[in-house]
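A look at the structure
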Amino acid sequence: MIRVVLPTHLRSLARVDDEVAVSVEGAPTRGAVLDALEATYPVLRGTIRDQVTRQRRPFIRFFACEQDLTHEPADAALPDAVVAGAEPYLVVGAMAGG
Amino acid sequence: MSGVRVLVGTRKGAFVLTADGKRDRWQVSGPHFPGWEIYHLKGSPADPNRLYASQSSGWFGQVVQRSDDGGRTWEAVGNKFEYDGDAGTHQWYDGTQHPWAFARVWHFEPSLTDPDTVYAGVEDAALFRSTDGGATWQEMPGLRRQPSGPHWQPGAGGMCLHTIVLDPKDPGRMYVAISAAGAFRTDDGGTSWRPINRGLRSQGIPDPDAEVGHCVHRIAMHPSRPGVLFMQKHWDVMRSDDGGGSWREVSGNLPTDFGFPIDVHAHEPETIYVVPITSDSLHFPPEGKLRVFRSRTGGGDWEALTKGLPQQDCYVNVLRDAMAVDSLDPCGVYFGTTGGQVYASRNGGDSWTPIVRDLPSVLAVEVQSLA
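Described below are features of the structure shown in this document. Counting from 1, residues in each chain are numbered in the order their sequence is written. Labels are handed out in written order, letters beginning with A for the chains and numbers beginning with 1 for the ligands. Per-residue local features are limited, in this predicted model, to residues with pLDDT of at least 70; the limit for side-chain atom pairs, both in listing and counting, is 80 or more; totals at the level of whole chains, interfaces and linings are taken over all residues.

Per the secondary structure count, chain A includes three helices and five strands. The helix and strand sequence of chain A, counted from the amino end, reads β-α-β-α-β-β-α-β. Computation of the radius of gyration draws on C-alpha atoms alone. For the globule rule, the value is 2.2 Å times the number of residues to the power 0.38. Its C-alpha atoms give chain A a radius of gyration of 12 Å, near enough to 13 Å, the size a compact globule of 98 residues would have. Projected onto its principal axes, the C-alpha positions of chain A cover 35 × 25 × 25 Å. Here exposure depends only on C-beta density: within 10 Å of a residue's C-beta, 20 or more other C-beta atoms make it buried, 12 or fewer make it exposed, and intermediate numbers make it partly exposed, the C-beta atoms being placed from the backbone. The buried share among the 98 residues of chain A stands at 27%. For the purpose of contact definition, each residue receives a C-beta atom placed from its backbone, and two residues are in contact when these atoms lie within 7 Å. Contacts spanning at least 24 positions in sequence make up 55% of the contacts within chain A whose residues lie at least 6 apart. In this text, helices come from DSSP runs of H or I with a minimum length of four residues, and strands from runs of E with a minimum of two, each type numbered from the N-terminal end.

Once that is clear, we can look at the environment of B:Leu17. Residue and element names in this part refer to chain B. Looking at where Leu17 falls in the secondary structure, it is placed in strand S2 (residues 13-20). Taking the number of C-beta atoms within 10 Å as the measure of exposure, Leu17 has 22 and is therefore buried. Measuring from C-alpha to C-alpha, the distance between Leu17 and Leu41 comes to 13 Å, with 24 residues separating the pair along the chain. Discounting residues that sit within four places of it in the chain, Leu17 has contacts with Val6, Val8, Trp26, Val28, Val342, Ile355 and Val356.

Contacts between the two partners involve 13 residues from chain B, matched on the other side by 13 residues from chain A. The dominant element in the side of chain B that touches chain A, judged by the number of residues it contributes, is strand S6 (residues 61-67) of chain B, at three residues. Under the convention adopted here, Pro, Cys and the residues Ala, Val, Leu, Ile, Met, Phe, Trp and Tyr are nonpolar, Asp, Glu, Lys and Arg are charged, and Gly plus all remaining residues are polar. By residue class, the composition of the side of chain B that touches chain A is five nonpolar, six polar and two charged.

This paragraph deals with the environment of A:Val91. All names here are of chain A. Following the sequence through the fold, Val91 ends up in strand S5 (residues 89-93). Along the backbone, Val91 and Arg61 are 30 residues apart, and their C-alpha atoms lie at a distance of 6.0 Å. Apart from the residues within four sequence positions on either side, Val91 is in contact with Val4, Val5, Leu6, Pro7, Leu10, Ile48, Ile60 and Phe62.

Now for the sheet that holds S6(B). Residues and elements named next belong to chain B. Pairing is antiparallel across the open sheet formed by four strands, whose spatial order is S4-S5-S6-S7. Lying at the two open borders of the sheet, with one neighbouring strand each, are strand S4 (37-44) and strand S7 (75-77). Strand-to-strand twist of the sheet, defined as the mean angle between neighbouring strand axes without regard to direction, takes the value 30 degrees. When DSSP finds two or more bridges between a pair of strands, those strands are recorded as paired. The pairing of S4 with strand S5 (residues 47-57) spans seven bridges and is antiparallel. Bridged to Lys42 within S5 is Tyr52. Axis lines are fitted to C-alpha atoms, over the contacting stretch for helices. Their N-to-C directions set the angle, which ranges from 0 to 180 degrees.

Right, let's talk about the sheet that holds strand S21 (residues 248-249) of chain B for a bit. All names here are of chain B. Here four strands make up an open sheet; going across it, the order is S18-S19-S20-S21 and the pairing antiparallel. Of all the strands in the sheet, the pair left with one neighbour each is strand S18 (216-221) and S21. Relative to S21, strand S20 (residues 237-240) is paired through two bridges, and the arrangement is antiparallel. Within S21, the position partnered with Arg239 by the bridge is Arg248.

If you look at the biggest cluster of nonpolar residues, it comprises 128 residues, and the most contacted ones within it are B:Val6, B:Val8, B:Val176, B:Ile219, B:Tyr334, B:Val342 and B:Val365. The contact partners of B:Val8, leaving out residues within four places of it in the chain, are B:Ala14, B:Phe15, B:Leu17, B:Gly336, B:Val342, B:Leu359, B:Val362 and B:Val365. By definition, a nonpolar core groups buried Ala, Val, Leu, Ile, Met, Phe, Trp, Tyr and Cys residues that are joined through C-beta atoms within 7 Å.

Now for the pairing of strand S24 (residues 292-295) of chain B. Residue and element names in this part refer to chain B. The two faces of S24 match: Val292 and Arg294 on one face and Phe293 and Ser295 on the other face are all buried. Inspection of the sheet shows strand S23 (residues 272-277) paired to S24 by three bridges, in the antiparallel sense. Bridge pairing in S24 links Ile272 to Ser295. Pairing of S24 with strand S25 (residues 303-305), which is carried by three bridges, proceeds in the antiparallel orientation. Across the sheet, residue Val292 finds its bridge partner in S25, namely Leu305.

The subject of this paragraph is helix H2 (residues 30-40) of chain A. Residues spaced three or four apart along an α-helix face the same direction, because each turn holds 3.6 residues. Residue and element names in this part refer to chain A. Every buried residue belonging to H2 is among Arg30, Val33, Leu34, Ala36 and Leu37, and all of these are buried. One side of H2 carries all its buried residues, which in axial view fall inside an arc of 160 degrees. Among the structural elements, strand S1 (2-5), strand S2 (20-22), strand S3 (60-64) and S5 are those in contact with the buried residues of H2. Taking the helix axis as origin, the arc is that swept by the directions to the C-beta atoms.

Let us look at the environment of B:Lys12. Residues and elements named next belong to chain B. Among the secondary structure elements, Lys12 is positioned in the loop between strand S1 (3-10) and S2. It is 7.8 Å that separates the C-alpha atoms of Lys12 and Phe33, two residues lying 21 residues apart in sequence. For Lys12, the residues in contact, after removing those within four places along its chain, are Pro31, Pro34, Gly35 and Pro360.

Structure below.
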């Protein structure tokens, strides 16, 4: 299982209190994690990546193991610690005021 | 006993304000969806417990919420708004062509007869329809594909379809308004559309009386006379007596004819309301006085309504979707401000009382009259 930490507003939307865990079929990539996340929580469709283009929404960031993985390709392998469940995969709303 | 439910969308959540028919004691519920922009929420005329809400965020995009119990509980429904076929391009601020791209829902207009059918006006300007209670959305592409579509360009607030008016006597006829393209009408249920902007004159566009390109802010209709339309344009208050076929200015003695909302009294089809705003560059009331103006003659002759409204140091705005009327007798009139106040009048505008004073900036106000 891959642990995923969602930003506050998406936790509210998905009605979860804490980090979630998803099971990924095939190679553990960001795309596969998001596919699994959206399959488990359909309400998250369109909130992290655009429904039509499948592109990351501009103010979403992906962090893990103290690294910014935002600009890694969607089909790049995730860090071993994330795949092993030792570290969570962080979906982050970029810092901006208002 | 009868009552009213006021649905308020703000920049940081939705609020539901309820009162009995006296409209003097209010219960406030919310914030629903705290932290999210609620561009609009509206109830179905066919089932008042069915509500639709547009929930959006610069970070997380568009969510559509539906309630089947009058706003007590909500369920997220479909949020996939995919333009029909090749989306094409429209004109951008710099004059280049720009791909049509969905940004958000500005306005929901539920069907007059079917709670599961609802229209959505979106940015970039297009009209979508759901016939399954919001689970899925289909574009009505005839609007964008009429010949002027590629020439539409956004106003400062984005290229939004913000007004949808359904004709209660002719199911095939509806009106929409787009900033900054103008007003459009269909007579065949949305298959084909034509611009209805004859008579509008807009300084600030190359051809002041062009067929399209006008920044229409809002259109209102009284259900008993669907051929009579009232419009608050960027500048100018306008009136049409032929279903938008032609327009004439009825700004009359208004202190300024710039503004955003316009609405019609529930029982007096010639009584209309606007909130004059200083100018396109000064989005606050003239002289710091918040005044609703009422015309009992369908425009032309206006009176200031000030009782209960701040008459000094007031610099709020009232946005296009932030005014509504109830259908009780006497008619109630409601509006919300960018300062977070929602004002109510239970006597057709003669006097006003704030229901709430300190909400986030108000984007939308709708009212349901409950049996």
